[in-house]
Amino acid sequence: IILWLLVFEGALRKWALPAISKPLLFVKDPIVLAVYYLAFRHGFFPENSILLRSGAFLAVLFIALGVVQCIGLDLPPLVALYGWRQYWMLMPLPFIIAETFNGKDLLRFTKHMMIMSSINAVLCILQSRAPADSWINCATPDGRVVTYGDGDTTLTRSTGSFSFSFGHQLLAGALVPLGIALWLMPPKQRHMPLRLLIFYTIMILINVILDGNRGVFILSAYPLVFSISGFWLLKNRKLRRRALLLPIVACLIGGALYAVAFSSAFQAMSNRVTTSE
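Now for a description of the structure that goes with this document. (Residues numbered from 1 in each chain as written. Predicted model: local features only at pLDDT ≥ 70, side-chain atom pairs only at ≥ 80, totals over all residues. Heavy atoms only, no water.)

Let us now look at the overall build of the protein chain. Assigned secondary structure in the protein chain consists of 13 helices and two strands. Counting only C-alpha atoms, the protein chain reaches 55 × 50 × 35 Å along its principal axes. Taking all 277 residues of the protein chain together, the buried fraction comes to 40%. The long-range share in the protein chain, meaning contacts at least 24 apart out of those at least 6 apart in sequence, stands at 72%. Carbon and sulfur atoms make up 70% of the accessible area of the protein chain, which totals about 16400 Å². Counting 24 positive and 12 negative side-chain charges, the protein chain places the centres of these two groups 17 Å from one another. (Helix = DSSP H or I, 4+ residues; strand = E, 2+ residues; numbered from the N terminus. Buried < 20%, exposed > 50% of the residue type's maximum accessible area, 1.4 Å probe, protein only. Contact = heavy atoms within 4.5 Å. Areas by Shrake-Rupley, 256 points an atom, 1.4 Å probe, with all protein chains shown as cover. Lys, Arg positive; Asp, Glu negative; His and termini not counted. Charge placed at Lys NZ, Arg CZ, Asp CG, Glu CD.)

Below is the structure:
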């Protein structure tokens, strides 16, 4: 539920319920707190994690810092509380996931992300072909629509189901390593037919190439490069070769899809790269 709200909270804020877009920023919080309560009750917090203890210490330190700012700088307490939430609300969640998830949970998580990639790919196509003032490219009341390119090839940066472009950029960057992991898993372990994996791979590529932010290509490059390490880590010889070839094949197919099927987006990004200071 937290994952789906994380990705589609923006759709609620900008399309379904724009009048309460600000309160909807906190729609995940009650569920996260419920997870923390259950984790504490059943002992799902790792007891000897130095990272978790360090994070908890810093969280307490930030509370003290917020109090000092409220007193010394007349910072409104609600602003300080919101800032603390942004930094620390989700900090314990990865530790609970690491403590409780098994292989089946991770695979289910990945499959949910693939479904979200498909929905966002469709939204990206529609957003890239629609004018900036179209309803599908609208932002929240306090947000703004961002474009890229030059002249006739100016396009709107895709936000997908998010209320801001950076959110979709992070989603696209997270989808790439999940897609790589599926390709590097033995077919019996991924529990997904090859034709569906190919379909999801195309959806991931569409999210990346239609995002409209240059940073998404950097986010995608890291997992592609590091997938080569699978050549030394994987035992299966066939999968080892796949790890070595996967970055090359992904770049070739992605580049062809970008230049041919979405040539206007390719031209707009080219203009953005060459004209940016």
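Further notes follow.
With that settled, the discussion passes to the side chain of R190. Tracing the sequence through the fold places R190 in helix α8 (residues 187-190). It turns out R190 is buried and unbridged, and the closest side chain with the opposite charge, D105, is 18 Å from it. Excluding residues that lie within four positions of it along the chain, R190 makes contacts with L107, K111, L182, W183, M185, L197 and R242. (Salt bridge = Lys/Arg side-chain N within 4 Å of Asp/Glu carboxyl O.)

Before going further, it helps to spend a moment on the packing of aromatic side chains. Here a ring pair, both rings aromatic, is described through the centre-centre distance and the interplanar angle of the planes. On inspection of all chains with the given rule, the structure shows 11 aromatic pairs. Between Y36 and F45, the ring centres sit 6.4 Å apart and the planes meet at 50 degrees, which makes this aromatic pair tilted. The exposure class assigned to Y36 is buried, which follows from its relative accessible area of 12%. Measuring from ring centre to ring centre gives 5.2 Å for F62 and W88, while their planes differ by 80 degrees; the resulting arrangement is edge-to-face. Within this pair, whereas F62 is found in helix α3 (residues 50-72), its partner W88 is found in helix α4 (residues 77-88), the two being separated by 26 residues in sequence. By relative accessible area, which is 27% here, F62 ends up partly exposed. Taken together, F62, Y87 and W88 form an aromatic cluster joined through their ring pairs. (Phe/Tyr/Trp six-rings, centres within 6.5 Å; stacked < 30°, edge-to-face > 60°.)

Bringing the pattern of salt bridges into the picture now. Going through the model one piece at a time under the given rule, you end up with three salt bridges. Between D105 and R108 there is a salt bridge, with its nearest N and O atoms 3.5 Å apart. Here D105 pairs with R108, and both are found in helix α6 (residues 103-129), just three residues apart, close to one helical turn.

Along the chain, P131 falls in the loop between α6 and β1 (147-148). On a C-alpha basis, the gap between P131 and L155 in space is 7.6 Å, while along the polypeptide they are 24 residues apart. Setting aside its immediate chain neighbours within four residues, P131 contacts N137 and T156.

Where helix α1 (residues 2-16) meets α6, the axes come as close as 10 Å, and the angle between the chain directions of the two elements is 25 degrees. When the axes of α1 and α6 are compared, the pair comes out roughly parallel. Crossing handedness for the pair α1 and α6: left-handed. For the pair formed by α1 and α6, the contact residues are L3, W4, V7, F8, K14 and W15 on the first element and F109, H112, M113, I115, M116, I119, N120, L123 and Q127 on the second. Classifying every residue of the contact of α1 with α6 by side-chain character gives 11 nonpolar, three polar and one charged. (Axes fitted to C-alpha atoms, helices over the stretch in contact; angles between N-to-C directions. Parallel < 35°, antiparallel > 145°, perpendicular 65-115°, else oblique. Left-handed = near helix turned anticlockwise from the far one by under 90°. Nonpolar A, V, L, I, M, F, W, Y, C, P; charged D, E, K, R; others polar.)

All right, on to helix α9 (residues 194-209) then. Here α9 is 16 residues long and its end C-alpha atoms lie 23 Å apart, about the 22 Å a rise of 1.5 Å per residue gives. What α9 keeps buried is the set L197, Y200, M203, I204, L205, I206, N207, V208 and I209. The inward-facing, buried residues of α9 contact α6, α7 (165-184), α8, α10 (215-226), α12 (237-261) and α13 (263-275). (Expected span 1.5 Å × (residues − 1).)

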